[in-house]
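So you can see what is in the structure, the chains are spelled out below.
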Amino acid sequence: MIKILKHLKWHEWLIAIILLAILGTHAYCNLLLPEFMGDIIRFLGMGSELGAFWQDILWTSLKMLLTIVGIIGCTIIVGYLSAYLTTSVMARVRGRLFKNVNKFSMAEINKFSIASLITRSTNDITQLQQVYSMILGFGITAPITAILAIIKVVQISATLSLVNVVSVIALVLLTTLVFILVIPKFKIMQKNTDKINLLTRENLTGLRVVRAYSAEKAQEDKFEVTNKFTTKIDIFANRVFSIIDPGISLIMQGTSLAIVWLVAYLSGGNPEYIAIIGEFTQYSAQIIMGFMMLSMLFMMIPRGIVSAKRINEVLDEKTSIIEGNISNEETQSKKGSVVFDNVSFKYPGADEYVLENISFEAKPGQTIAFIGSTGSGKSTLINLIPRFYDVSEGKVLVDGVDVKEYKLSSLHDKLGYVPQRGVLFSGSVKENIKYGAENASDEEIEKAIETSESSFVYKLDKGLDYFISQGGKNVSGGQKQRLSIARAIVKKPEIFIFDDSFSALDYKTDKTLRRKLKKYMGNATCLIVAQRIGTIINADKIIVLDEGKIVGKGKHKELLKTCDVYREIALSQLSEEELNK
């Protein structure tokens, strides 16, 4: 939790110091009230002259009133400053968390899981913010007030102070019991929140599949298991917490009763002891309340520690993708070339290689296609170019430079990446197309729409201003793919990467789009992963993958004669007669 404090700025440290001073003043003012009350009681018990009597009473009452006003003022200022401090710091931590996650490679994303990262960015931040608010609210005043009240109590009567010793011991024992029973459950609760988040996300994103297979009951049962377990832990924690209120009330009432009984026993009719009852009772209440608030804080701090640890795990996680120093300006001589030099790759923690000894060259202006059976490593191969993962062995060169030597922004500026599953963001059609080129003109956007066969957007309500819902749920799969292609076209990259990006298109649209794309790309390099032979039949070079190895390399007609794997794939899609044509 203390590590989070390093995110404070200098003016926030100043606010924190001012806050401490106000909290100290607040604690001091609280201690003055019992003294004033005791003085008033003493004045009432003294048979002094009427004028002096009322003068003393009024003056003490005025001081008491001003002290109460000061306490109220301090409370308001503390509430405002603590709210500002906690919300601003947590907002910054949330921003840093988001920024750090954005730097993660797929290895780090998979390590935490998307559901867990969402929970850490929302629920854990909220838990921590609540703890910090409590610390600033009464975590400082409570111990100061309790300690000063104990000193006052001992000064008034050492005998009566024994009552408070017993009360504090009882309160500490109660708190310790709750602490031992509840704290181990907090870590489990946060992990279960991750699971609930994961199951909810899975169910919502796969809703159509769930309904198509009538699997609602199975999903509900799966969710219910985790939900019941979480509920069980939560109920247990709340049942234990429910002991605190009646326990503290019993201790406080017992303390007051013991004080009154002892004062009555010791007073022997002395009116001075009436004033002692008032002062002592109030000081005792402050001691008990101070320890009670600390007990509540100690209940929350462990949960905050768990949340802070989970947040710090994400903040401290360093991405495995280390940026280089080379920028675009330094690589203009070989614009658009891609070279794989004896590349092998295996996923983090895996024993077996997904790709082995991959070598090929894509020259500027060429179209290189990759084909192979499912799981042969096609998508993995092209994901090494933008460094979603780093190679295990060998080198990937772009414009003659190892991709590891580039600044990531410079490397990505060279690429126009279209994933297999079209990804759109909430916002207008125009905003989605301009995603990679914010300064794109209307003419360039229209050209990209025409080239990507996305003219359907003009038929949508509001056209380019049509609002795309989260994940592009209000457009079809083919429309998402075409808009994703338009987004890449507007960027005007040196290298286009299409990861099976034509799979949702019909053959006619696929053919027309590729023909327009070929005209538009000019000297840009094009790397295509595809399952359809028709999509790659005219590529300058086709690379055939099988179980992570290159088993064929060449043009279509050449591979039909020399590569059995390619011929088998081709015959599974086209007849012998169609292939010969």
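Residues numbered from 1 in each chain as written. Predicted model: local features only at pLDDT ≥ 70, side-chain atom pairs only at ≥ 80, totals over all residues. Heavy atoms only, no water.

Draft legend 1. Main features of the packing of helix H5 (residues 123-139) against helix H6 (residues 141-156). Between H5 and H6, whose axes approach to 6 Å, the crossing angle comes to 30°. Comparing the axis directions of H5 and H6 gives the class roughly parallel. Residues Gly137, Phe138 and Gly139 of H5 lie in contact with H6, whose contacting residues are Thr141, Ala142 and Pro143. Per-class residue counts for the contact of H5 with H6 are three nonpolar, three polar and no charged. (Axes fitted to C-alpha atoms, helices over the stretch in contact; angles between N-to-C directions. Helix = DSSP H or I, 4+ residues; strand = E, 2+ residues; numbered from the N terminus. Parallel < 35°, antiparallel > 145°, perpendicular 65-115°, else oblique. Contact = heavy atoms within 4.5 Å. Nonpolar A, V, L, I, M, F, W, Y, C, P; charged D, E, K, R; others polar.)

Draft legend 2. Looking closely at the pairing of strand S1 (residues 338-345). Taken together, the five bridges between S1 and strand S2 (residues 355-362) define a ladder with antiparallel strand orientation. Within S2, the position partnered with Val338 by the bridge is Ala362. Inspection of the sheet shows S1 paired to strand S4 (residues 393-398) by five bridges, in the antiparallel sense. Following the sheet pairing, Val339 is matched in S4 by Leu397. (Pairing = 2+ DSSP bridges.)

Draft legend 3. Up close: the pattern of salt bridges. Counting across every chain of the model gives 12 salt bridges. The shortest N-O distance in the salt bridge between Arg310 and Asp124 comes to 2.8 Å. Of this pair, Arg310 sits in helix H11 (residues 272-316) while Asp124 sits in helix H5; the two residues are 186 residues apart in sequence, bridging distant segments of the chain. Put simply, Lys414 and Glu494 hold a salt bridge, and the shortest N to O gap is 3.2 Å. Of this pair, Lys414 sits in the loop between helix H13 (408-413) and strand S6 (415-418) while Glu494 sits in the loop between helix H16 (477-491) and strand S9 (495-499); the two residues are 80 residues apart in sequence, bridging distant segments of the chain. Glu494 shares its class with Lys414; the two are buried. Residues participating in the shared-partner salt-bridge network are Asp399, Lys414 and Glu494. (Salt bridge = Lys/Arg side-chain N within 4 Å of Asp/Glu carboxyl O. Buried < 20%, exposed > 50% of the residue type's maximum accessible area, 1.4 Å probe, protein only.)

Draft legend 4. Expanded view of the packing of aromatic side chains. One pass over the full model with this rule turns up nine aromatic pairs. Ring centres of Phe345 and Tyr389 lie 5.5 Å apart, and the angle between their planes is 55°; this geometry places the pair in the tilted category. Here the residue Phe345 occupies a position in strand S1, and Tyr389 occupies one in the loop between helix H12 (378-383) and S4, the gap between them amounting to 44 residues. Residue classification places Phe345 among the buried positions, given a relative accessible area of 2%. The ring of Tyr353 carries Lys346 above its face, with NZ or CZ at 5.1 Å from the centroid. (Phe/Tyr/Trp six-rings, centres within 6.5 Å; stacked < 30°, edge-to-face > 60°. Lys NZ or Arg CZ within 6 Å of the ring centre and 35° of its normal.)

Draft legend 5. Region of the structure containing the sheet that holds S1. Here we have four strands laid out as an open sheet, ordered S2-S1-S4-S5, and antiparallel in their pairing. In the strand order of this sheet, the two ends are held by S2 and strand S5 (401-402), each with one partner.

These figures capture arrangement, not role.
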